Amino acid sequence: MPEREQEQIDRLLRDAMSGPTPKLSPDFEAQLARRMRPPGLTTGARWALILYAAIAVFVTIWATKDVPQLGPWIEQWAVPAAALALVPLSFVWTLRRLERSARIPR
Amino acid sequence: MDNDTALIDAYCQRGDQTAFAELVSRYRERVFRLTVSILGPGCAGEAEEVTQDVFVAVSRALTSFRGDAQFSSWIYRIAFNQAVNLKNHVRFRATHVGEQALAEAASSGPGPLAQLETARHRAGVMQCVESLPEIYQAAVRLYYWTGDSIEEIAELLGVPENTVKSYLHRARGLLYEMLEERGLRNA
């Protein structure tokens, strides 16, 4: 294309695109920080987990109260209670990891 | 911490959030300009979302960044791909003579009809730009709209400066033909 036509299109483009250019919104970084923060548990879910852990501990104590003392008390009931309490916590942790990886934009 | 590598190491090895914030601060404007140049005028909101997606993706994938290429080339490539993907999946609203343009045309300035004609003419040119191949569109918008230099465009698109000049030359040639077909060239 001849130089004159190039210049003509150049002028047309400059004129057509002379408007204001968009800018990032001022709270861009705050929004990004919110998106990058790992999702927290809801209050209800947090209370349900605490309740489950408490019940697990009490049920373990109650279920093992008549078992003859075979060793130190910590092995008797504290370890099984802790295991019971940790199961839902590890479940939630895994779920959050999966959610997080699913949200990575492709 | 002057260079990107130091910031990347600080974030990957120590989880230093201020290092990542510094990377965001360094690249957010350029990534946004690139995405908005691909998505086009009227899509600033979408471009901002894509810009956020880019940084979220970068934060997750930064540990796998091996440093074979420059960090800037890597992030611009991610931005380019994400913007093009979004554009291919979503049908964007067509450029048209907006209410603002019509309001301006109806204002008490000299020759409202002439102003309306100018607005229509501009919209026609923008539609022709929309018809160009993606890479030409990006080059044209970065050069004429966001005012980037050839050197900056070359960095954003990851091509040599001569290639950018060639993109612009070919884009102008295609636009000349399109505008002539529509009778807009001499308007």
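What counts and how
- Residues numbered from 1 in each chain as written.
- Chains lettered and ligands numbered in written order.
- Predicted model: local features only at pLDDT ≥ 70, side-chain atom pairs only at ≥ 80, totals over all residues.
- Helix = DSSP H or I, 4+ residues; strand = E, 2+ residues; numbered from the N terminus.
- Contact = placed C-beta atoms within 7 Å.
- Buried ≥ 20, exposed ≤ 12 C-beta atoms within 10 Å, placed from the backbone.
- Nonpolar A, V, L, I, M, F, W, Y, C, P; charged D, E, K, R; others polar.
- Axes fitted to C-alpha atoms, helices over the stretch in contact; angles between N-to-C directions.
- Parallel < 35°, antiparallel > 145°, perpendicular 65-115°, else oblique.
- Left-handed = near helix turned anticlockwise from the far one by under 90°.
- Core = buried A, V, L, I, M, F, W, Y, C linked by C-beta atoms within 7 Å.
- pLDDT = per-residue confidence, 0-100.
- Arc of directions from axis to C-beta.

Enquirer: Lay out the overall build of chain B with the relevant residues and their values.
Expert: Helix and strand counts for chain B come out as 9 helices and 0 strands. Written out in order from the N terminus, the α and β elements of chain B read α-α-α-α-α-α-α-α-α. When contacts within chain B are restricted to residue pairs at least 6 apart in sequence, those whose partners lie at least 24 apart make up 58%.

Enquirer: Tell me about the overall build of chain A, residues and numbers included.
Expert: Secondary structure assignment for chain A yields 4 helices and 0 strands. Going residue by residue from the N terminus, the α and β elements of chain A occur as α-α-α-α. A total of 106 residues make up chain A; the buried ones form 7% of that total.

Enquirer: Any details on the interface of chain B and chain A? Residues and values, ideally.
Expert: With 26 residues of chain B at the contact, the number on the chain A side is 22 residues. Looking at the side of chain B that touches chain A, the element that brings in the most residues is helix α3 (residues 44–61) of chain B, giving 9 residues. Considering only residue class, the side of chain B that touches chain A consists of 14 nonpolar, 5 polar and 7 charged.

Enquirer: Outline the packing of α3(B) against helix α4 (residues 71–89) of chain B, listing residues and values.
Expert: All names here are of chain B. Axis separation between α3 and α4 bottoms out at 9 Å; the angle between their running directions is 135°. Here α4 runs oblique to α3, going by the angle between their axes. Along this stretch, α3 crosses α4, giving a crossing that reads as right-handed. Residue-level inspection shows Glu 46, Val 50, Asp 53, Val 54, Ala 57 and Val 58 of α3 in contact with α4, the latter providing Ile 75, Ile 78, Ala 79, Gln 82, Ala 83 and Leu 86. Its residues assigned to classes, the contact of α3 with α4 comprises 9 nonpolar, 1 polar and 2 charged.

Enquirer: Tell me about the nonpolar core, residues and numbers included.
Expert: With 51 residues, the main nonpolar core has Leu13(A), Ala79(B), Val125(B), Ala139(B) and Val140(B) as its most contacted residues. Setting aside chain neighbours within four positions, we find Leu13(A) in contact with Val125(B), Val140(B) and Tyr144(B).

Enquirer: With reference to specific residues and values, describe the environment of Val129(B).
Expert: Within the secondary structure, Val129(B) sits in helix α6 (residues 112–130). Dropping the residues within four chain positions of it, Val129(B) is found in contact with Gln137(B), Val140(B) and Leu175(B).

Enquirer: Which residues make up the packing of helix α2 (residues 17–39) of chain B against α4(B), and what values do they have?
Expert: Residue and element names in this part refer to chain B. Interaxial distance between α2 and α4 falls to 9 Å at its minimum, and their mutual angle equals 30°. Between α2 and α4, the angle falls in the class roughly parallel. As α2 runs across α4, the sense of the crossing is right-handed. Between α2 and α4, the residues in contact are Tyr 27, Val 31, Leu 34, Thr 35, Ile 38 and Leu 39 and Ile 75, Tyr 76, Ala 79, Phe 80, Ala 83, Val 84, Leu 86 and Lys 87, respectively. The residue inventory of the contact of α2 with α4, partitioned by class, reads 12 nonpolar, 1 polar and 1 charged.

Enquirer: So what's going on with the confidence of the model for chain A? Residues and values would help.
Expert: If pLDDT is low for a region, its predicted coordinates should not be looked at in detail. In the predicted model, chain A carries a mean pLDDT of 76, and 78% of its residues have values of at least 70. Mean pLDDT values for the elements of chain A range from 71 in helix α4 (residues 73–102) of chain A up to 87 in helix α2 (residues 28–36) of chain A.

Enquirer: Give a detailed account of helix α8 (residues 150–157) of chain B, specifying residues and quantitative values.
Expert: Residue and element names in this part refer to chain B. Taken as a whole, α8 has its buried residues at Ile 153, Leu 156 and Leu 157. Take α8 and look down its axis: the buried residues cluster within an arc of 85°, on one side only. The inward-facing, buried residues of α8 abut α2, α4, α7 (134–145) and α9 (161–182). At the exit of α8 stands Gly 158, carrying a positive phi of roughly 70°.

Enquirer: Provide a residue-level description of the environment of Thr64(A), including the pertinent values.
Expert: Relative to the helices and strands, Thr64(A) is located in helix α3 (residues 43–64). Each C-alpha atom of the pair Thr64(A) and Pro80(A) lies 9.9 Å from the other, and the pair is 16 residues apart in sequence.

Enquirer: Break down the confidence of the model for chain B for me, with residues and values.
Expert: All names here are of chain B. With 83% of its residues at a pLDDT of at least 70, chain B reaches an overall mean of 83. Here helix α5 (residues 99–106) stands out as the element of chain B with the lowest mean pLDDT, 52, in contrast to α8, whose mean of 94 is the highest. As a predicted assembly, this complex carries a pTM of 0.69 together with an ipTM value of 0.73.

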